[in-house]
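# Results of the structural survey
What follows is each chain in one-letter form.
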Amino acid sequence: MAKQYDVLFRLLLIGDSGVGKTCLLCRFTDNEFHSSHISTIGAVAKMRNVVETSGLKLRLCKVDTAGQERYQTITKQYYRRAQGIFLVYDISSERSYQHIMKWVSDVDEYAPEGVQKILIGNKADEEQKRQVGREQGQQLAKEYGMDFYETSACTNLNIKESFTRLTELVLQAHRKELEGLQTRASNELTLAELEEEEGKPEGPANSSKTCWC
Ligand SMILES: Nc1nc2c(ncn2[C@@H]2O[C@H](COP(=O)(O)OP(=O)(O)OP(=O)(O)O)[C@@H](O)[C@H]2O)c(=O)[nH]1
């Protein structure tokens, strides 16, 4: 069957367990929010419809990874195929913010050079429980040369903006290859593995979640 898209980009969500990675993805993809927390096991991929830009059809595959330590061997396998990474902490958890440094060092070790990163301070609606100031997020992002967004999967704050921004950064980083692709026959594209993953759990582990949230 003819491919419905030219290029597939993989965006990864990483961060401590419970910071809201699954909910961010669920809000962006299905515009839904669920208040229960069922930990992701391993990693789960979700496709977003084809986006047309610069004469190319992009398909985004977003991989929601488990934050729990025991799945880290599995989730690190996904780093090397990522073009963009969301590093997520929870503004009501100082601990999850402190752990961003550890997540960044994992990215440096396992992700390809040139991978694009964005720092996310999620649960911005939880102002009364805030433990991490907005300026702390900005400062950390600056240190690592990342863009920074405070988001809320609950109220839909900055969800579209942050996903759009990371896609833009990935596009910019791959501009040269993309220009080449525009002049070639579209079926030869290999910028990322072109494969159909709709609805399938990514990789060796399944998710215990019955839906994406
Ligand atoms: N108030 C508020 N709660 C949120 C937000 N995002 C997620 N949550 C809640 O935080 C809990 C954890 O969310 P998940 O998305 O399952 O967290 P996760 O990072 O995917 O967790 P793991 O799969 O264990 O790594 C759930 O109870 C969500 O309802 C948010 O923006 N605001």
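Because the structure is predicted, anything quoted here is derived from the model rather than measured.

### A look at the overall build of the chain
Looking only at helices and strands, the chain features seven helices and six strands. From first element to last, N terminus to C terminus, the chain shows the α and β order β-α-β-β-α-β-α-α-β-α-β-α-α. Considering the chain as a whole, with its 213 residues, one finds that 42% of them fall into the buried category. For the chain, the share of sequence-separated contacts (at least 6 apart) that also reach a separation of at least 24 residues comes to 77%.

### Section: the environment of Ile 100
Among the secondary structure elements, Ile 100 is positioned in helix α4 (residues 100-110). For Ile 100, a count of 25 C-beta atoms within 10 Å puts it in the buried group. With 32 residues separating them along the chain, Ile 100 and Gln 68 place their C-alpha atoms 14 Å apart. Those residues in contact with Ile 100, other than ones at most four positions away along the chain, are Leu 87, Tyr 89, Leu 119 and Leu 140.

### Thoughts on the environment of Lys 76
You can see Lys 76 is positioned in helix α2 (residues 72-79). Taking the C-beta count within 10 Å as the criterion, Lys 76 has 17 such neighbours and is therefore assigned partly exposed. Lys 76 sits 24 residues away from Ile 100 along the chain, and the two C-alpha atoms are 15 Å apart. Apart from the residues within four sequence positions on either side, Lys 76 is in contact with Asp 106 and Tyr 110.

### Some remarks on the pairing of strand β6 (residues 147-150)
As paired elements, strand β5 (residues 116-122) and β6 share four bridges and run parallel to each other. Its bridge partner being in β6, Gly 121 is matched across the sheet by Glu 150. Chirality of the crossover, the property in question, places the unit of β5, helix α5 (residues 134-144) and β6 among those that are right-handed.

### Quick look at the confidence of the model for the chain
Averaged over the chain, the pLDDT score is 79; the fraction of residues at 70 or greater is 71%. Confidence drops under pLDDT 50 across residues 185-213; counting only partners more than four residues distant or on other chains, this segment forms 64 contacts. In the predicted assembly, ipTM is 0.99 and pTM is 0.83.

### Structural notes on the environment of Thr 167
Note that Thr 167 resides in helix α6 (residues 159-173). In the structure, Thr 167 is positioned 67 residues away from Ile 100 in sequence and 21 Å away in space, judged by C-alpha atoms.

### Notes on the nonpolar core
Core analysis: the largest hydrophobic core is formed by 45 residues, its most contacted members being Leu 12, Ile 85, Phe 86, Leu 87 and Val 88. Of all elements in the fold, only β1 (7-15), α1 (21-30), α2, β4 (84-90), α4, β5, α5 and α6 reach the threshold of two or more residues within this core. Here the element with the most residues in this core is β1; it accounts for seven residues. Once you skip the residues sitting within four places of it in the chain, Ile 85 turns out to touch Leu 12, Ile 14, Val 107, Ala 111, Val 115 and Lys 117.

### Quick look at α4
Among all positions in α4, only Ile 100, Trp 103 and Val 107 are buried. Mapping the buried residues of α4 onto a view down its axis gives an arc of 60 degrees, with all of them on the same face. Across α4 from its buried face, at more than 90 degrees, point the exposed residues Lys 102, Ser 105 and Glu 109. Those residues of α4 that are buried lie in contact with β1, α2, β4, α3 (94-98), β5 and α5.

### Description of the packing of α1 against α6
Contact geometry for α1 and α6: axes closest at 10 Å, N-to-C directions at 90 degrees. For the element pair α1 / α6, the angle class is roughly perpendicular. Counting all contacts with α1, which are made through Leu 24, Arg 27 and Phe 28, the residues of α6 involved are Ile 159, Lys 160 and Phe 163.

### Things to note about α6
Relative to the 21 Å expected for 15 residues at 1.5 Å per residue, α6 spans 21 Å between its end C-alpha atoms, a close match to the ideal helical length. What α6 keeps buried is the set Ile 159, Ser 162, Phe 163, Leu 166, Thr 167, Val 170 and Leu 171.

### Notes on the pairing of β1
Here β1 lies mainly inside the structure; nine of its nine residues are buried. Here β1 shows a buried face lined by Val 7, Phe 9, Leu 11, Leu 13 and Gly 15 and a second buried face lined by Leu 8, Arg 10, Leu 12 and Ile 14. Across five bridges, β1 lies against β4 in parallel orientation. Bridge pairing in β4 links Leu 12 to Ile 85.

Cut-off values and rules
- Going along each chain's sequence as written, the residues are numbered from 1 onward.
- For a predicted model such as this one, the threshold for reporting local features is a pLDDT of at least 70, and the threshold for listing and counting side-chain atom pairs is 80 or more; totals across whole chains, interfaces and linings nevertheless cover every residue.
- Strands here mean DSSP runs of E at least two residues long; helices mean DSSP runs of H or I at least four residues long; both are numbered from the N terminus.
- Residue burial here comes from a neighbour count, namely the number of other C-beta atoms, placed from the backbone, that lie within 10 Å of the residue's own C-beta, with 20 or more meaning buried, 12 or fewer meaning exposed, and in between meaning partly exposed.
- The contact rule is simple: place each C-beta atom from the backbone, and if two of them lie within 7 Å, those residues are in contact.
- The rule for pairing is simple: two strands pair if DSSP sees at least two bridges between them.
- Whether a crossover is right-handed comes down to one check: with the strands pointing away from the viewer, does the path from the first strand over the helix to the second run clockwise; if it does, it is right-handed.
- For every residue, the predictor states its confidence as a pLDDT score lying anywhere from 0 to 100.
- Think of a nonpolar core as buried Ala, Val, Leu, Ile, Met, Phe, Trp, Tyr and Cys residues chained together by C-beta atoms that fall within 7 Å.
- Directions are taken from the helix axis to each C-beta atom, and the arc is the one they span.
- The axes used here are C-alpha line fits, helices contributing only the stretch in contact, and every angle between their N-to-C directions lies in the interval 0 to 180 degrees.
- These descriptions rest on fixed angle ranges, namely under 35 degrees for roughly parallel, over 145 for roughly antiparallel, 65 to 115 for roughly perpendicular, and the rest for oblique.
- Given a helix with a known number of residues, its expected span is that number minus one, times 1.5 Å.

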